[in-house]
Every structure is written in C-alpha cells, then in structure tokens.
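Now for the letters of each chain:
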Amino acid sequence: MFIISVASGCTSVPLKQGGTLTSYGSLGAPKGKLSKSRIYVDGQRLAAVKTVSIMPTSFSFSAASHVSKEADRALVSNVLDRALCVALSDKYQLVSAGQPADLTIRSVITDIVPTNKAMAGIATAVTVGSGFALPSGVPVSVPRLPFGLGGLAVEAEAVDSSGDQSAAILWSRGANSFQDKPRYSEVGDAYNLASRFANDFSRILISGKEPKGLNLSLPSRQRMKSWFGGKPKYAACDAFGRAPGLLGAIAAKYGAPPEWADKRSKSTSAR
C-alpha cells in the first residue's frame, strides 16, 4: 500500500519485509523522511573486507506482479546492481557473482509502485514546454504534477564467507514532484530510485556505520568515468553494462523511457 500526498508532492512507500534476509532482529528503528530505512551494520566485520561479490537483484513475487514487462523489471534490478558495483569500487575489489569473496551482497526489490505513464507524459510536456514560456527563452522550473508518481522498496544484506550478516537494510522511497523527472515508462521512477538505494547502501558499506546527514563529498574519478559510460574500475561491473551517461541525461530530461539510452549487457538481458 502507498499514499500519494498532494500537499508534499510525493508518494509515500512503506518499508516492506520480503522474508529474504538472514535476520531482521538487529535492524534499527525506522529513520528518514524522503528515504525511509532500518539499518544494521557491523563496522568491525566490514573493516577486514577486501573483496565483494554482488548477486543479481531479484524481485519478490508481490513486487514482480506490479510490473507487467519482464524487461522493465530487469532494467530496475540492473541499474541497482550497476550503481552498487561502481560505488563500492571506491573501496573494495569487486569480483564476479559466484566467485569467492569476503562479502556477498544480496538485494531483493520488495515493492514497486508503477509510474503512471499518461501522467508522466503530461508532466514532461509541461516541464519541457515551460522553457519557452518566457520571451527570453529562459527555462522556468516547474514542479512535476503530484499524480501518478512511482516508488520503490528494497531489502538487502551483506554476508561474509561464513554466511554471517555484516550489514542489512530495509529501504523505501517514493518519487516527489521536485527531485524526480517524469519518464514515459511504468518503471521510470523506480529506475531512478534504484540508483538512490544503491548509493545509500554503498555509503553504509564503505563507511561501516549509519550515515548522518547528506553526503556532500564529490564523486571519485572512477565513478565519474563510469557515469559517462566508460570502462569500470573492475571487470565484474561490466556484467551490468555501461551507464548511459550524457545520452541518458538527455533522454531523462525529455521524459524518454530508460531503455532508450540504457543498453544492458547481453548477460544481464538474458536474466
């Protein structure tokens, strides 16, 4: 169940357990406003980690039933894994799924609120057209219409080679009118939010503690290279394809579906 708040211009997506974590007992109390989360992290365990493996993200049965196309579900899970792989490369050596590693990450999408494609199309037309409303041609920033917004909920954990939990998270977030550009796709918002989840969870795994406040640090050189579609730091990340870079940014600006610019690897497409 989700709630659309017209006053705040956002979709509220509750935290949702999917029953896939090794344990839920150590998770902290719910925190956050835009992104909600319950977190467990053992900094001492993570301090010894050098190699990390990422298992392909899956969907719970109920979450999968909310998205009609398998290709759309694959786009969301793949962008989550790609963003997680690139972010964790700042500190760890990433190895291919199934290979021996100090830490293995498993993520499951437990809920997904589809974006209303019709409303996204209208919102895009309003937003893009506003740039021509002034004689000077200066774009006018128009908030997205607070209707038909999508959302995402994820649970994930990092376990060591013995299967013991080193970190875990329940996470959810809905799109809002001010930060999320509309895209003509049933998973337009979920696609964008998947990267935000990856950034939040990777921040926990890299620091070994719960984050406090906004992350104001500049992205590393390898992250910027990967964002522009360049070769990732570790070959394991190529399993999730290359980021669409500038082409993706342009496509997002004009409301194009994610698949127009995001070309996934053959191995990922075959999931």
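About the thresholds
- Residues numbered from 1 in each chain as written.
- Predicted model: local features only at pLDDT ≥ 70, side-chain atom pairs only at ≥ 80, totals over all residues.
- Heavy atoms only, no water.
- Phe/Tyr/Trp six-rings, centres within 6.5 Å; stacked < 30°, edge-to-face > 60°.
- Helix = DSSP H or I, 4+ residues; strand = E, 2+ residues; numbered from the N terminus.
- Buried < 20%, exposed > 50% of the residue type's maximum accessible area, 1.4 Å probe, protein only.
- Lys NZ or Arg CZ within 6 Å of the ring centre and 35° of its normal.
- Core = buried A, V, L, I, M, F, W, Y, C linked by side-chain atoms within 4.5 Å.
- Contact = heavy atoms within 4.5 Å.

S.K.: I'd like a rundown of the packing of aromatic side chains, residues and numbers included.
M.R.: A complete count under the given rule lists three aromatic pairs for this structure. Where Trp-171 meets Phe-197, the ring centres are 5.5 Å apart and the plane angle is 70 degrees; that geometry is what we call edge-to-face. Taken together, the residues Trp-171 in strand 9 (residues 165-174) and Phe-197 in helix 5 (residues 188-207) connect sequence positions 26 residues apart. Side by side, Trp-171 and Phe-197 carry an identical accessibility label, which is buried. Residue placement shows Lys-253 over the ring face of Tyr-254; its charged tip is 5.8 Å from the ring centre.

S.K.: Before we move on, can you summarise the nonpolar core with the specific residues and values?
M.R.: Within the largest apolar cluster, 44 residues are counted, with the highest numbers of intra-cluster contacts made by Val-76, Leu-88, Leu-94, Ile-105, Ile-112, Leu-152 and Phe-201. Taken together, the elements giving at least two residues each to this core come down to strand 3 (35-41), strand 4 (51-54), helix 2 (61-64), helix 3 (70-88), strand 7 (103-113), strand 8 (151-160), strand 9 and helix 5. Considering every element that reaches this core, the biggest residue donor is helix 5, with nine residues. Those residues within four positions of Leu-152 in sequence are excluded, and the remaining contacts are Val-13, Val-76, Ile-109, Asp-111, Ile-112, Trp-171, Ser-172, Arg-173, Ala-190, Leu-193 and Ala-194. Ranked by size, the runner-up nonpolar core spans six residues in total, among them Leu-27, Tyr-40, Ala-168 and Leu-170.

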